[in-house]
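Inside the fold
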Amino acid sequence: FPVTIAFFSFTTLLLLYYFGNTIWGRTVAVLSVYMLSGSLLFVSMAIISFTDVPLLFFETLSILSLFAFLKNKGNLNLLLFWLSIGLGVLVKGPPIIILSAGVCLFLFLIGFERSKLLNLKHWFYGPISMLPFIIWCYYFYLWDNGALLDFLLEWYILKRASGATVF
């Protein structure tokens, strides 16, 4: 586990530098890496939860590839955006959907590159990006007759949506 956490931490910093340099320039990229690597929350994530660092990696990849796509409309950035959402859902579920959809909605509402945001083709790539999660659910359903999925639905989604305290 520590090797995985170190890998995702380091690659998150690399992503931040690469995309930051590509989109906003070297100065912004270097400052961003310094700020994130010096953040107490970033360093303590490995202690808090095993899934938080990989989730941060996929969230960072989704948002930065979104901005790279909006800047130069590369198909690789579009692929990275949807791939990171699909893998982020596998890591921890809905948080990456909430973040990515929230950023897209905010950019759309303020009028930022609306035509390019529509080129993300949410209606097509969104369901495709959920295929790994759907396959995972299918095999867990076969394994335990849906007991884990029922528990996750009740505990992770319904209790949180109802406002009940979840520990």
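Being a predicted model, the structure only gives us computed values, none of them experimental.

1. Some thoughts on the pattern of salt bridges
This model, assessed by the stated rule, comprises two salt bridges. The partner of Asp52 in a salt bridge is Lys92, and the shortest N-O contact between them spans 2.5 Å. Here Asp52 is found in helix α4 (residues 52-72), whereas its partner Lys92 is found in helix α5 (residues 75-92), with 40 residues between them in sequence. Relative accessible area serves as the criterion here: at 26%, Lys92 is assigned to the partly exposed category. Between Lys116 and Glu113 there is a salt bridge; the shortest N-O distance is 3.9 Å.

2. A closer look at the layout of surface pockets
Within this model, the largest pocket holds a volume of roughly 470 Å³. Every residue lining the largest pocket is counted, 18 residues in all, and those nearest its centre are Gly93, Phe133, Trp136, Leu152 and Tyr156. Contributing elements (two or more residues each) for the lining of the largest pocket: α5, α9 (131-144) and α10 (147-162). Per element, the largest residue contribution to the lining of the largest pocket is six residues, and it comes from α10. Each residue belonging to the lining of the largest pocket can be placed in one class, and the counts come to 15 nonpolar, two polar and one charged. Volume-wise, the second largest pocket comes out at about 220 Å³. Lining the second largest pocket are 15 residues; nearest its centre among them are Trp82, Ser100, Ala101, Cys104 and His122. Of the residues belonging to the lining of the second largest pocket, the class tally is 11 nonpolar, four polar and no charged.

Calculation criteria
- Residues numbered from 1 in each chain as written.
- Predicted model: local features only at pLDDT ≥ 70, side-chain atom pairs only at ≥ 80, totals over all residues.
- Heavy atoms only, no water.
- Salt bridge = Lys/Arg side-chain N within 4 Å of Asp/Glu carboxyl O.
- Helix = DSSP H or I, 4+ residues; strand = E, 2+ residues; numbered from the N terminus.
- Buried < 20%, exposed > 50% of the residue type's maximum accessible area, 1.4 Å probe, protein only.
- 1 Å grid on protein atoms, 1.4 Å probe; cavity = no way out; pocket = protein on both sides within 12 Å on 5 of 7 lines; lining within 4 Å.
- Points joined across faces, edges and corners; volume = space filled by probe spheres on them.
- Nonpolar A, V, L, I, M, F, W, Y, C, P; charged D, E, K, R; others polar.

These values are about where atoms sit, not about what they do.
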